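Tertiary structure, described
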Amino acid sequence: TCSSREEAERLARALVESRLAACVAITPGVTSVYRWQGAIEQSEEWALTIKTRRGLFDALKAELSRLHSYQVPEILAVPVLAGSEAYLAWMDEELQATP
């Protein structure tokens, strides 16, 4: 999640440009309730759904941590159990190193 639309778009573009992500979907208007430094907080955020493959996760995590404004950015890996062959093939193509 990000604190602003601008940050969400900046992170999304950087990850796609670096080919660490094939696509980043930005969902606005996410309300997060969480405990931070002993207090319960509530924030309006923009959620990023970052599509990549497992082999790129460590590099993506490092880059996202470097670029993100949060002290502890939310970075979670969710397994893909199945997907359309065409979409998964497109992802593989987009995640290939630039020639």
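Up top is the structure these notes are about.
Anyway, here's the lowdown on the structure attached to this text. The structure presented is a predicted model; accordingly, all values stated were derived computationally and were not measured.

Scoring rules and cut-offs
Residues numbered from 1 in each chain as written. Predicted model: local features only at pLDDT ≥ 70, side-chain atom pairs only at ≥ 80, totals over all residues. Heavy atoms only, no water. Phe/Tyr/Trp six-rings, centres within 6.5 Å; stacked < 30°, edge-to-face > 60°. Helix = DSSP H or I, 4+ residues; strand = E, 2+ residues; numbered from the N terminus. Axes fitted to C-alpha atoms, helices over the stretch in contact; angles between N-to-C directions. Left-handed = near helix turned anticlockwise from the far one by under 90°. Contact = heavy atoms within 4.5 Å. Nonpolar A, V, L, I, M, F, W, Y, C, P; charged D, E, K, R; others polar. Buried < 20%, exposed > 50% of the residue type's maximum accessible area, 1.4 Å probe, protein only. Arc of directions from axis to C-beta. Polar contact = N/O pair within 3.5 Å; in protein donor to acceptor, adjacent residues only side chain to side chain. Pairing = 2+ DSSP bridges.

Side note on the packing of aromatic side chains
- All told, the structure shown has one aromatic pair when counted by the stated rule.
- Seen in terms of ring centroids, Tyr87 and Trp90 are 5.4 Å apart; in terms of plane orientation they differ by 40°. Their pairing is tilted. With Tyr87 and Trp90 both in helix 3 (residues 85-94), this residue pair falls three residues apart, about one helical turn.

Considerations on the packing of helix 1 (residues 5-17) against helix 2 (residues 57-67)
- Packing of helix 1 against helix 2 leaves a shortest axis separation of 11 Å and a crossing angle of 145°. Of the two elements, helix 1 crosses helix 2, and the hand of that crossing is right-handed. Contacts from Glu7, Arg10, Leu11, Ala14 and Leu15 in helix 1 reach Leu60, Glu63, Leu64 and Leu67 in helix 2.
- Split by residue class, the contact of helix 1 with helix 2 holds six nonpolar, no polar and three charged.

Focus on helix 2
- Listed as buried for helix 2 are Leu60, Glu63, Leu64 and Leu67. For helix 2, the angular spread of buried residues about the axis comes to 100°, placing them on one side. Turned more than 90 degrees from where helix 2 packs its buried face, Asp58 and Arg66 sit exposed.
- For helix 2, the elements touching its buried residues are helix 1 and strand 2 (39-51).

Here's the deal with the environment of Thr1
- Turning to its location among the elements, Thr1 is positioned in the segment before helix 1.
- Accessibility expressed as a relative area gives 15% for Thr1, which makes it buried.
- When the C-alpha atoms of Thr1 and Ala47 are compared, they prove to be 4.2 Å apart, with 46 residues separating the residues in sequence.
- Thr1 has contacts with Glu45, Trp46, Ala47, His68, Tyr70 and Glu74, leaving out every residue within four places of it along the chain.
- A polar contact of 3.2 Å, which involves the side chain of Thr1, links it to the side chain of Glu45.

Here we look at the pairing of strand 1 (residues 23-36)
- In this structure, strand 1 lies alongside strand 2, joined through twelve bridges in antiparallel fashion. Bridge pairing links Arg35 to Ile40 in strand 2.
- From the end of strand 1 to the start of strand 2, which pair antiparallel, there are two residues, and Gln37 there has a positive phi angle of about 50°.

Everything listed here is a matter of coordinates, which is why it stays silent on function.
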